[in-house]
Each structure stands twice: as C-alpha cells, then as structure tokens.
Amino acid sequence: MKKLKILHITQSLGGVETYIREIINHVDKDQFELKIVAPPSKTLTEVCLQYNIQHIEFNMSRSFNPFSDSISLIRLYRLIKRERPSCVHIHSSKAGFLGRISSKLAGCPSLFTPNGVSYLSFTGMKRLIYFTLESFAKFFTDRILTVSYSEANRLIYEVGHKQNSIDVLLNSVTFPLNYSSLQRTNHSKNEHPKIGTIARLTPQKNPLLYVTVAYHVIQAHPESHFYLLGAGFHDHLKTEVIDLINRYGIADQFHILDWCDPKASSEFINSLDVFVLTSVFEGLPYSLLESMRAGVPCVVSACDGCLDVVRNGENGYACLTKEQYVKAILDLLENPGLAKRIGENGASYSYTFHNSSKNSKILSEIYKKVSNSEWSDELQIKNLEFNSFAMAKDHEAITLG
C-alpha cells in the first residue's frame, strides 16, 4: 500500500512541538510518511532522527511583517509544490495563516490545528487585525482539527467557520504500558510545599498573576516555594515579573527556571505538590495533561482548553480570580486527603480521554479522509452546543450528536 505523505508546518515550538512529537511517536509509519517543517529544535530533531523523518528547518517571523511574510508565503508555496504531499497539516497562528494560503494556491488539501486561536493573544487594534486575518483565512481553509471543544466553538461562533468543516481531537499524552498500576508516591515528601507552573514569560501565560497568587499563598503558608519553568523562551515579561517578585519581597521563595527538554520537564512536574496555570487562553495545555497524568492536583484558569478538562472539586480547580487560586492552592496544601483524591481523579481522567495510543488511530482516519477529499457524516461534528465535561464520556468518537 502506498504511504500517504503528511507535511507538517509550524513556526511555533513549546506546546505545538509536543503535539507534533506525539504524532511522530504514535502515527502508523506503515501508512504515513511524515515530513516536518519547523524552526530549529534539538528535541524535535532528535525524535525525527529516531524515526528517520526529515526535519526541514524553516523560520518565520512570529509578528506581523508584510515583507518577510510574503517571502515565507512564496517559500512555503514552492516547498509544497515540490513535496506534493497528500495533506498539509498546519499548526499555530502564523504558519496557520501562511500555510493555508500556500496550500490552497499549490492545490494541496490542508488540515489546520490552531493550538490556541491567534487573536486571543491581543487586545484593542491588534486583536481586531488578527481577528480580521483569521476571518480572511476562512476562504483558504479546507478542514480544521481543534484540540478542544471550546476552541471549536470559538471558531464557529466568533470567526464564522462552518460547523461541518471542523473536527475535534483532544490533545493527548503518552502513557506507560503499566500505567494502571502506577501510583503517585512522592506527594508531600518535599521539605517545603512545592507549587509550580510551566509557562513562557508572555502575556498569554499571565505570569504576573502567578507571582501575585504566590505572594498571597506565601503570606498564609510561609514555608511554600513557587517555581516557574519556562524562562529563555520569549521572555516578553521577564523584567516585569522580576520587579513584581522583588516588590512583594518573595525572591527567596520564588524560583524562575530556564526552559528545558521534555524529560527534565516531566521530572519537574513529578516533583510538585500542586501545579498551577494562570493562562489568559489556551488550546488545550500539555502541561496540564502531563500534570494530571502524574497525579499532581491542578489549579488552572477557567479559560478555553482548561475548561474542557477540569471540573471544579472533582479532578482539579478552574479559577477566574486570584482569590479563587489562593483558596484552591491553600485547600490542597492543608488537606492531603483532598490533594490525593484530586490527583487520582485527574490521572484517571487523563488516562481515559487523553491517551495518545488511542487517539492516534482517530487521527489516522482524519488524514485519510482529508487526503482523499472524502468526508463522511460519521466524522463530522453535528452539534457543538454542549457542556464539555459532561460530554467527556463521548470523547472516544469524533461524532457529537
């Protein structure tokens, strides 16, 4: 059987890189030939070498730049024409915009995964510009594959994409074969309570709120230590974060760590007593899924993506205000039994609904349908007006009735 060639294009790393690595690790190599077009990345290159997959290094400007974007558009068009893939799978905002246009011009079917809708990063005029660009990109969009239900809703009801052009396949992580027998044993073994997040120092991740929450928790729980892993990777707010830490006088208990490879990141997560995420918006964060997989109780923002996963008081906490964050963290620190129950529920949920081994089979069917320009009713979303957590039992299927 002839393999289908899938060309992946992105300008982002971080969570998008994790998404692509999960596909590389789990997609059926007997059915698909993958090629990756992405910025230089040691970890991405390593996994490509492991499976003999070509990593074509390609840099794009992250910000809007008509001149460099035009050059990138021409280069992508030529690349797609040369490779002649069965499907172009495009990830993130800039690559998503340029990749959809170049794929359409090259006559190649495309599949777009936003990994967080681009215009949500901005306010005011910038938000209007990026919203307008996304609306314009509708005319070059073949199919969209979102990583959460809330992301799909936003694309339909705000941007105006057609319902039957969007499908949902939740972000997924790798589980060990003996996962069902694993237990979280390191909880409460830290000398001091260890609360952590994984986040770039950018407005989207809202690190200033994380610092403020840390200050108030430390006032009530003075032995607590807070960690932020993610410096060195788009440090737009680093100066403001350090200034706020010093103003609060918590520098001895607030630790900023550099961005690291996936193995070290996993070790960091496993060392935590509580995982916190203060993002303004998300697609569906891998750091949350990885923390749940590890049985670490999670306190996150009540934003797109997170709300698809977390149900308050059952498998985590979703918060809107700093007071809610502080209360949830203190409750978990002061009630070991509660923390254990929340962590175990999170682990069970993530294993059931965010398992890469299972979800990769659904992705394979999507690739086949896009490549053959065939789309049957059973692979289309019928109705996106739902309670995301209540729908969790139906996540195995793409059809939403």
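Here is a short report on the structure shown in this document. Since the structure is predicted, the reported quantities are computational estimates derived from the model, not experimental observations.

Digging into a nonpolar patch on the surface
Together, Met125, Leu128 and Ile129 make up a nonpolar patch on the protein surface, roughly 290 Å² of accessible area in all. Residue placement: Met125 occurs in helix H5 (residues 124-137). Judged by relative accessible area, which is 57%, Met125 ranks as exposed.

Some details on the nonpolar core
Counting residues in hydrophobic clusters, the biggest one holds 89 residues, and the most contacted among them are Ile9 and Ile24. Ignoring sequence-local partners within four residues, the contact set of Ile9 consists of Val37, Met60, Leu76, Ile80, Val88, His89, Ile90, His91 and Ala95. Counting 32 residues, the second largest nonpolar core, distinct from the first, contains Ile195, Ile250, Val274 and Leu332.

What to know about helix H7 (residues 207-220)
Relative to the 20 Å expected for 14 residues at 1.5 Å per residue, H7 spans 20 Å between its end C-alpha atoms, a close match to the ideal helical length. Looking at H7, one finds that the buried residues are Pro207, Tyr210, Val211, Thr212, Val213, Ala214, Val217 and Ile218. The inward-facing, buried residues of H7 abut strand E8 (194-198), strand E9 (225-231), helix H8 (238-248), strand E10 (254-258), strand E11 (274-277) and helix H11 (322-334).

Structural notes on the environment of Phe32
Secondary-structure assignment places Phe32 in strand E2 (residues 32-38). Residue classification places Phe32 among the buried positions, given a relative accessible area of 3%. Sequence separation between Phe32 and Ser364 is 332 residues, and the spatial gap between their C-alpha atoms is 8.4 Å.

Focus: the side chain of Glu282
Residue placement: Glu282 occurs in the loop between E11 and helix H10 (286-293). Taking the relative accessible area as the measure of exposure, Glu282 reaches 7% and is therefore buried. Separated by 2.7 Å, the side chains of Glu282 and Lys205 make a polar contact. Engagement of the side chain of Glu282 in a polar contact is seen with the side chain of Ser279, the distance being 2.5 Å. Setting aside residues no more than four positions away along its own chain, Glu282 makes contact with Gly116, Gln204, Lys205, Leu277, Cys303, Asp304, Gly305 and Cys306.

Focus on the pairing of strand E3 (residues 54-57)
Put simply, side chains in a regular strand alternate between the two faces of the sheet. Here E2 pairs with E3 via four bridges, running parallel. For Lys35, the partnering residue across the bridge sits in E3 and is Gln54. Traced from E2 through helix H2 (residues 42-50) to E3, the parallel crossover comes out right-handed.

Overview of the packing of helix H1 (residues 15-26) against H2
Remark: H1 packs on H2, axes separated minimally by 10 Å, with the N-to-C direction vectors making an angle of 10 degrees. The orientation of H1 with respect to H2, classified from their angle, is roughly parallel. Across from Glu17, Ile20, Arg21, Ile24 and Asn25 in H1, the residues of H2 making contact are Thr43, Leu44, Val47 and Cys48. When the residues that make up the contact of H1 with H2 are grouped by side-chain class, the tally is five nonpolar, two polar and two charged.

Digging into the sheet that holds strand E6 (residues 143-146)
Pairing is parallel in the open sheet, where seven strands are placed in the order E3-E2-E1-E4-E5-E6-E7. Each end of this open sheet is capped by a strand with a single partner; those strands are E3 and strand E7 (166-168). Going across the sheet, the axis of each strand differs from the next one's by a mean of 20 degrees, ignoring polarity. Direction of pairing for strand E1 (residues 4-9) relative to E2: parallel, over a ladder of six bridges. Bridged to Ile9 within E2 is Val37.

Quick look at the pattern of salt bridges
Summed over the entire model, instances satisfying the criterion amount to 16 salt bridges. Across the salt bridge formed by Glu134 and Arg100, the nearest N and O atoms sit 2.9 Å from each other. A residue pair is termed long-range when its members are at least 10 positions apart, and Glu134 in helix H5 and Arg100 in helix H4 (residues 93-106) qualify at 34 residues. Like Glu134, the residue Arg100 is buried in the burial classification. A salt bridge links Arg154 to Asp304; its shortest N-O distance comes to 2.5 Å. Taken together, the positions of Arg154 in helix H6 (residues 149-159) and Asp304 in the loop between strand E12 (298-301) and strand E13 (317-319) put the pair 150 residues apart, joining distant regions of the chain. Three or more residues joined by partner-sharing salt bridges are found here, namely Lys5, Lys35, Arg82 and Glu83.

So, how was this worked out
Residues numbered from 1 in each chain as written. Predicted model: local features only at pLDDT ≥ 70, side-chain atom pairs only at ≥ 80, totals over all residues. Heavy atoms only, no water. Patch = residues over 30% accessible without salt bridge, like charges linked within 9 Å, V, L, I, M, F, W, Y side chains within 5 Å. Areas by Shrake-Rupley, 256 points an atom, 1.4 Å probe, with all protein chains shown as cover. Salt bridge = Lys/Arg side-chain N within 4 Å of Asp/Glu carboxyl O. Helix = DSSP H or I, 4+ residues; strand = E, 2+ residues; numbered from the N terminus. Buried < 20%, exposed > 50% of the residue type's maximum accessible area, 1.4 Å probe, protein only. Core = buried A, V, L, I, M, F, W, Y, C linked by side-chain atoms within 4.5 Å. Contact = heavy atoms within 4.5 Å. Expected span 1.5 Å × (residues − 1). Polar contact = N/O pair within 3.5 Å; in protein donor to acceptor, adjacent residues only side chain to side chain. Pairing = 2+ DSSP bridges. Right-handed = clockwise from strand over helix to strand, strands pointing away. Axes fitted to C-alpha atoms, helices over the stretch in contact; angles between N-to-C directions. Parallel < 35°, antiparallel > 145°, perpendicular 65-115°, else oblique. Nonpolar A, V, L, I, M, F, W, Y, C, P; charged D, E, K, R; others polar.

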